[in-house]
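Commentary on secondary and tertiary structure
What follows is the residue order along each chain.
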Amino acid sequence: MSMEYYEEDVPHVLAVDDNIIDRKLIERLLKTSSCRVTVAENAIRALEYLGLKENQQQSQFNGKGAKVNMIITDYCMPGMTGYELLQKIKESSMLKDVPVVIMSSENIPNRINECLEKGAERFILKPLKLADVKMLRCQLTKC
Amino acid sequence: MAAVSQLQRQFIEYTTSLYNEGYLDDQYTQLQKLQDESNPDFVVEVVSLFFEDSEKLLNNLATALQQKIVDYKQVDSHVHQFKGSSSSIGAQRVTNVCIHFRNFCEEKNLDGCLRCLQQLKHEYIQVRNKLEGLFRLEQQILQAGGSVPMMESICTSASTMSSSGKLSA
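Structural notes, computed from the coordinates. What you are looking at is a predicted structure, and each value in this text was computed from that prediction instead of being measured.

Before going further, it helps to examine the overall build of chain A. The helix and strand tally for chain A stands at five helices and five strands. When the helices and strands of chain A are placed in sequence order, the string is β-α-β-α-β-α-β-α-β-α. For chain A, the proportion of its 143 residues judged to be buried stands at 51%. Expressed as a percentage of contacts within chain A between residues at least 6 apart in sequence, the contacts between residues at least 24 apart total 62%.

With that settled, the discussion passes to the environment of E106 of chain A. Within the fold, E106 of chain A resides in the loop between β4 (100-104) and α4 (109-117). Classification of E106 of chain A as buried rests on a relative accessible area of 18%. Taking C-alpha positions, E106 of chain A is 15 Å from N19 of chain A, a pair spaced 87 residues apart along the chain. A polar contact of 2.8 Å, which involves the side chain of E106 of chain A, links it to the side chain of R102 of chain B.

So, about the nonpolar core. Formed by 65 residues in total, the largest nonpolar core has its most connected members in I72 of chain A together with Y28, F82, F101 and L131 of chain B. When residues in this core are grouped by element, the largest group, 13 residues, is from helix α3 (residues 42-66) of chain B. The contacts of F82 of chain B, once residues within four sequence positions are left out, are F50, S54, L57, L58, L61, V94, C98, L120 and Y124 of chain B. Counting residues in hydrophobic clusters, the runner-up holds 27 residues, among them L52, I71, Y83 and A120 of chain A.

Moving on, we get to the packing of aromatic side chains. In the structure shown here, the tally under the stated rule is five aromatic pairs over all chains. Summarising the aromatic geometry, the rings of F50 of chain B and Y124 of chain B are spaced 6.1 Å apart at their centres and angled 65 degrees between planes, so their arrangement reads as edge-to-face. Of this pair, F50 of chain B sits in helix α3 while Y124 of chain B sits in helix α6 (residues 110-143), and the two are 74 residues apart along the sequence. The exposure class assigned to F50 of chain B is buried, which follows from its relative accessible area of 0%. Among the residues examined, Y124 of chain B registers a relative accessible area of 1% and is labelled buried. By the ring-pair criterion, three or more aromatic residues cluster together here, those being F50, F51, F82 and Y124 of chain B. Stacked on the ring of F42 of chain B, the Lys or Arg R28 of chain A has its end atom at 6.0 Å from the ring centre. Of note, R93 of chain B hangs over the ring of Y23 of chain B, and the distance from its end group to the ring centre comes to 4.0 Å.

Calculation criteria
Residues numbered from 1 in each chain as written. Chains lettered and ligands numbered in written order. Predicted model: local features only at pLDDT ≥ 70, side-chain atom pairs only at ≥ 80, totals over all residues. Heavy atoms only, no water. Helix = DSSP H or I, 4+ residues; strand = E, 2+ residues; numbered from the N terminus. Buried < 20%, exposed > 50% of the residue type's maximum accessible area, 1.4 Å probe, protein only. Contact = heavy atoms within 4.5 Å. Polar contact = N/O pair within 3.5 Å; in protein donor to acceptor, adjacent residues only side chain to side chain. Core = buried A, V, L, I, M, F, W, Y, C linked by side-chain atoms within 4.5 Å. Phe/Tyr/Trp six-rings, centres within 6.5 Å; stacked < 30°, edge-to-face > 60°. Lys NZ or Arg CZ within 6 Å of the ring centre and 35° of its normal.

This is how it looks when you write it as structure tokens:
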């Protein structure tokens with residue numbers, strides 16, 4: 001899978017989390033790892049940013065969505081969960097190749113399996129640490 | 001300068017005790033690693049967000065538990081938030097109370113929930129006071145012209161599980 005990078009080879013990551021402290025943390029973690037970061041406070045906003053509306057079919061993708069190299073999302077969110085967001089992304093012809101990482105504070109094997117089977121790149125336990133993000137960054141640049 | 005090294009020693013002792021007594025865990029160290037010259041106030045900023053958010057959550061919890069018919073899902077949702085944010089900044093004692101609290105929510109045990117709320121308030125106020133004390137010490141060191149010692153890994157708490165990669169089918 002080839003990665004197209006933004007100018008200057010800086011990967012663009014979309015981080016989705018309903019918790020304000022976690023949003024600040026993930027943003028800083030990613031910026032420290034030389035990523036360009038956009039944060040969204042819920043899955044609907046994330047989909048809008050990506051150019052996918054909730055009730056649209058993939059054929060109605062409006063092409064005005066932002067280009068991202070990775071999406072990292074919390075699992076437990078009110079409204080649409082991270083799992084449901086993952087589903088929508090994998091169902092979209094435009095977005096299905098974007099790696100999606102799921103974060104959760106709960107270590108539930110069924111949940112982990114579910115996400116990985118749905119096509120999540122990785123499942124990371126919260127709280128997020130520098131080592132976690134460095135590993136993801138390495139994956140993005142295939143170092 | 002003698003004053004600076006004394007303050008620095010005080011800082012190290014105080015920080016060490018906070019880790020030893022379980023007020024803070026390794027996640028707080030992680031936060032410090034994210035602070036640098038380009039983001040010199042990162043830790044204070046995140047912790048301030050935590051204080052604001054916590055106070056809101058404590059109020060929401062008090063309100064939710066005062067209802068004639070308590071919505072335990074709602075209560076649990078607030079505790080889940082609190083657990084998440086306290087865990088993300090390393091406020092270990094607060095996180096631990098949240099874990100017990102969630103069990104009482106599941107059991108729909110009002111008494112248990114009310115007790116946990118009191119405990120939560122207590123632990124939150126404690127860690128807030130400790131962190132504010134820590135920040136004050138940092139300011140004193142900086143004002144005296146010194147630098148704040150970096151605490152690499154002085155926590156004594158057991159390491160938590162970190163990321164899991166792909167599981168083979």
